[in-house]
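An overview of the molecular structure
What follows is each chain in one-letter form.
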Amino acid sequence: MKQLFIFLVMMLLWIPLNAQTVAESSKNEDLTTNLKTENENFQDNTIEDLPWHNRKFKVSAGGFFPVNNTVVKVEGNNGNIGTEIDLENDLGFAKSTASFLGTFDWRISKRSRLGFEYFVLDRTATKTLQREINFGDHTYPIDGSVRGTFNVQIMRVAYGYAILSKPKYQAGLLIGAHVLFADLGLKLEANTQSVEYHDNFDFTAPLPDIGIWGEFVLGKRWGLYANVNYLAVKINDTDGRIISYNLSVLYNVVDNFSLTAGYTGLNFRVDTIQERLNGFLKWGYNGPTITAVYTFGKHVKVTK
């Protein structure tokens, strides 16, 4: 009722003011000063007219360049006690990597949004072991040549609700889940040993999280987005803890096309029991992102 009253008052004030403005306009005024041409910058209008802001849909794709820190321990059901392995130090995995990152956002209403993310990272390394390692059902000897693989896909879905909703900024709560598809394997190559063997540890881990987010208009071509998420939970035979964050700055290049540069991180630990193997994976990756963004659909109007 209060909002309706304010709206009616504004309408009553606007009608006479607009009529006065029209009456005072000169008939000799050049038509080009009253009409917008197709070449005018669309962003010279109001906040709601910015082509990159508050659109119904947003798609982004680009590169992610994380620095990794990965620790794993896998025990076999034959009584073999697993060794805690640092993939970067013990197995020669590169700390710095490059991977693909893609997102899709749907503005359901002026306060609600739904987001999807996809991240993929495939890593391999070969190293002569400097110490004996127990992994799965086998023991990998010192001076043995071991080839390691670590392939990961992460999908995330998150629902966001804006508690604060203004034309120039929005901020609110997030609830969602990261789903981790991991495949970790070791293979002893038969260059120094008479036998060749390998072990694989693969699992799928859903990791729910809750957090906060904010989106801000910094200028006609500039925007800022940030979010932080955290949760520790146990689901069936999987116990996980996760914290993720993202900070990115957007620059609108032209019309609906923009570029973003940011910094993203995800750190988690997963303890899981499989049919044949028991293990844990502790992985952190943090680094810069560069993405191309395309927005489309109608503007979602946000009241002042």
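Residues numbered from 1 in each chain as written. Predicted model: local features only at pLDDT ≥ 70, side-chain atom pairs only at ≥ 80, totals over all residues. Heavy atoms only, no water.

1. Observations regarding the overall build of the protein chain
The helix and strand tally for the protein chain stands at 2 helices and 14 strands. Taking all 304 residues of the protein chain together, the buried fraction comes to 41%. Relative to all contacts within the protein chain whose residues are 6 or more apart in sequence, the contacts with residues 24 or more apart total 67%. (Helix = DSSP H or I, 4+ residues; strand = E, 2+ residues; numbered from the N terminus. Buried < 20%, exposed > 50% of the residue type's maximum accessible area, 1.4 Å probe, protein only. Contact = heavy atoms within 4.5 Å.)

2. With respect to the environment of Gln130
Position of Gln130 relative to the elements: it lies in the loop between β5 (112-128) and β6 (133-135). Along the primary structure Gln130 and Pro141 are separated by 11 residues, whereas in three dimensions their C-alpha atoms are 8.8 Å apart. Polar contacts involving the side chain of Gln130 include one to the main-chain carbonyl oxygen of Thr128, which spans 3.0 Å. (Polar contact = N/O pair within 3.5 Å; in protein donor to acceptor, adjacent residues only side chain to side chain.)

3. What about the pattern of salt bridges?
Tallying each qualifying case throughout the model produces 7 salt bridges. Put simply, Glu117, Arg156 and Asp209 are held in one network by salt bridges that share partners. (Salt bridge = Lys/Arg side-chain N within 4 Å of Asp/Glu carboxyl O.)

4. Details of unusual backbone geometry
In this model, Asn54 sits at a positive phi of 60 degrees, which is unusual for a non-glycine residue. Along the chain, the position of Asn54 falls in the loop between α1 (2-24) and β1 (55-64). Within the chain, Asp143 stands out as a residue other than glycine whose phi angle is a positive 70 degrees. Along the chain, the position of Asp143 falls in the loop between β7 (138-140) and β8 (145-166).

5. Overview of the packing of aromatic side chains
Counted under the stated rule, the structure contains 14 aromatic pairs. Summarising the aromatic geometry, the rings of Trp283 and Tyr285 are spaced 4.7 Å apart at their centres and angled 50 degrees between planes, so their arrangement reads as tilted. Judged by relative accessible area, Trp283 falls into the buried class, the value being 1%. Since its relative accessible area comes to 5%, Tyr285 is described here as buried. Here the guanidinium or amino end of Arg269 rests over the ring plane of Phe280, the centre of that ring lying 4.1 Å away. (Phe/Tyr/Trp six-rings, centres within 6.5 Å; stacked < 30°, edge-to-face > 60°. Lys NZ or Arg CZ within 6 Å of the ring centre and 35° of its normal.)

6. A look at the environment of Leu250
Checked against the element boundaries, Leu250 lands in strand β12 (residues 238-254). In sequence terms Leu250 and Trp52 are 198 residues apart; their C-alpha atoms lie 9.2 Å from each other. In this view, Leu250 contacts Trp52, Arg221, Trp222, Gly223, Ser258, Leu259 and Thr260; residues no more than four positions away in its chain are not counted.

7. Let's talk about the nonpolar core
Of all hydrophobic cores here, the largest spans 37 residues; its most connected members are Phe135, Tyr140, Leu180, Phe268 and Trp283. At the level of secondary structure, the elements contributing two or more residues to this core comprise β2 (67-76), β5, β6, β8, β9 (169-188), β10 (197-217), β13 (257-273) and β14 (277-299). Beyond its immediate chain neighbours, meaning those up to four positions away, Phe268 contacts Leu180, Leu207, Arg241, Ile242, Leu281, Lys282 and Trp283. Counting residues in each nonpolar core, the second largest holds 5 residues, with Ala158, Leu174, Trp213 and Tyr225 among its members. (Core = buried A, V, L, I, M, F, W, Y, C linked by side-chain atoms within 4.5 Å.)

8. Regarding the environment of Gly82
Considering the arrangement of structural elements, one finds Gly82 in the loop between β2 and β3 (85-86). The class of Gly82 is buried, set by a relative accessible area of 10%. Contact partners of Gly82, with chain neighbours within four places excluded, come to Lys73, Val74, Glu75 and Asn134.

9. A word on the side chain of Thr289
As for its placement among the helices and strands, Thr289 is situated in strand β14. For Thr289, a relative accessible area of 5% corresponds to the buried category. If we skip the residues at most four places from it in the chain, Thr289 touches Gly63, Phe64, Leu101, Thr260, Ala261, Gly262, Tyr263 and Thr264.

10. A word on the pairing of β9
Here β8 pairs with β9 via 20 bridges, running antiparallel. Bridging across to β9, Leu164 finds its partner in Ala171. Here β8 hands over to β9 after 2 residues, the two strands then running antiparallel side by side. In terms of strand pairing, β9 meets β10 through 20 bridges, oriented antiparallel. (Pairing = 2+ DSSP bridges.)

11. As for the confidence of the model for the protein chain
Confidence in the prediction of the protein chain, expressed as mean pLDDT, is 83, and 82% of residues score 70 or more. Taken element by element, the protein chain is modelled with least confidence in α1, mean pLDDT 40, and with most confidence in β1, mean pLDDT 96. (pLDDT = per-residue confidence, 0-100.)

12. Things to note about the pairing of β5
Pairing of strand β4 (residues 99-107) with β5 involves 8 bridges; the strand directions are antiparallel. Counterpart to Thr103 in the pairing with β5 is Glu117. What sits between the antiparallel neighbours β4 and β5 is a turn of 4 residues. Pairing of β5 with β8 involves 17 bridges; the strand directions are antiparallel. Its bridge partner being in β8, Thr124 is matched across the sheet by Thr149.

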